[in-house]
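Each chain is listed here by its residues.
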Amino acid sequence: MDFVHLSLRRNRGWPWPEDSWGLDSMYGETGWCHSCGTPLHEQSGSLTLQAGGQSPVHGAWIPNWRFDAICLEKSIADRLSAEFRLDLRPVAWRRKVIGAAMQIVTPTVGPAWFDPDQLRDAAIARHASAGAECSKCHTWRWLPLPFELLPPVRSEASWERSDIIASPEWFGDGMRSFREILVRRGLADLIAAASPKDFKIREIS
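Read on for a plain summary of the structure.

Analysis parameters
Residues numbered from 1 in each chain as written. Predicted model: local features only at pLDDT ≥ 70, side-chain atom pairs only at ≥ 80, totals over all residues. Heavy atoms only, no water. Helix = DSSP H or I, 4+ residues; strand = E, 2+ residues; numbered from the N terminus. Pairing = 2+ DSSP bridges. Axes fitted to C-alpha atoms, helices over the stretch in contact; angles between N-to-C directions.

Side note on unusual backbone geometry
Working note: non-glycine residues mostly have negative phi, and peptide bonds are mostly trans. Following Trp16, the chain continues into Pro17 via a peptide bond in cis, with omega recorded as 0°. With respect to the element layout, Pro17 can be found in the loop between strand E2 (14-15) and helix H1 (23-27). Here the amide bond leading from Gly110 into Pro111 is cis, since omega sits at 5°, within 30 degrees of zero. In the Ramachandran plot, Trp65 falls in the positive-phi region, its phi being about 75° despite a non-glycine side chain. With respect to the element layout, Trp65 can be found in the loop between strand E4 (60-61) and strand E5 (70-73). Unlike most non-glycine residues, Arg95 shows phi in positive territory, near 75°. Relative to the helices and strands, Arg95 resides in the loop between strand E7 (92-94) and strand E8 (101-104).

Shown next as structure tokens:
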């Protein structure tokens, strides 16, 4: 398999608006579930970050709260988009622009990546619960697991049409919702090399 997991070492930056964890600017006020924080459709707006407390844009990073939104310094994004198939959207800044940056909008690629019985067993072993269905939007979210505790990934031929992909499964608890992300090895190598303090590469089974 030519995909790897780009594991997060740290988060950088805070999305805006704070009271929507950045979701209003990315999906619109009605485009995400206000009960569980799960987006209800594909991203339609820009990720907006707050400049306060963040150093000038450099390398690649993932902001707090939006755990499946990879951001890139624009010069890096330009270089990567010339070589890989990426859907890029400009990052917006609240009040003060501290550098040009782009966000990778990662497509959801199915069908299910993980065997649901194995995923349920792993989640229960870790949390004593598998997850829950949101009472408002009816999205099932598995309780989060470290990557090394997830079941083996079931790849599909459709993966070959993309260089970065997101799982159809949602994970999270409370207002935290995210998908697992896999990245084609060559792309992951370049992102991790640009920001070794932010990312490390993990092989997938």
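More follows now that the structure is in view.
Regarding the sheet that holds strand E9 (residues 131-133)
Here we have four strands laid out as an open sheet, ordered E9-E10-E12-E13, and mixed in their pairing. Looking at which strands have only one partner, the edges of the open sheet turn out to be E9 and strand E13 (176-178). Here the average twist between neighbouring strands, direction ignored, is 35°. Pairing geometry for strand E10 (residues 140-142) and strand E12 (residues 170-173), over two bridges, is parallel. Within the sheet, the bridge partner assigned to Trp142 lies in E12 and is Phe171.

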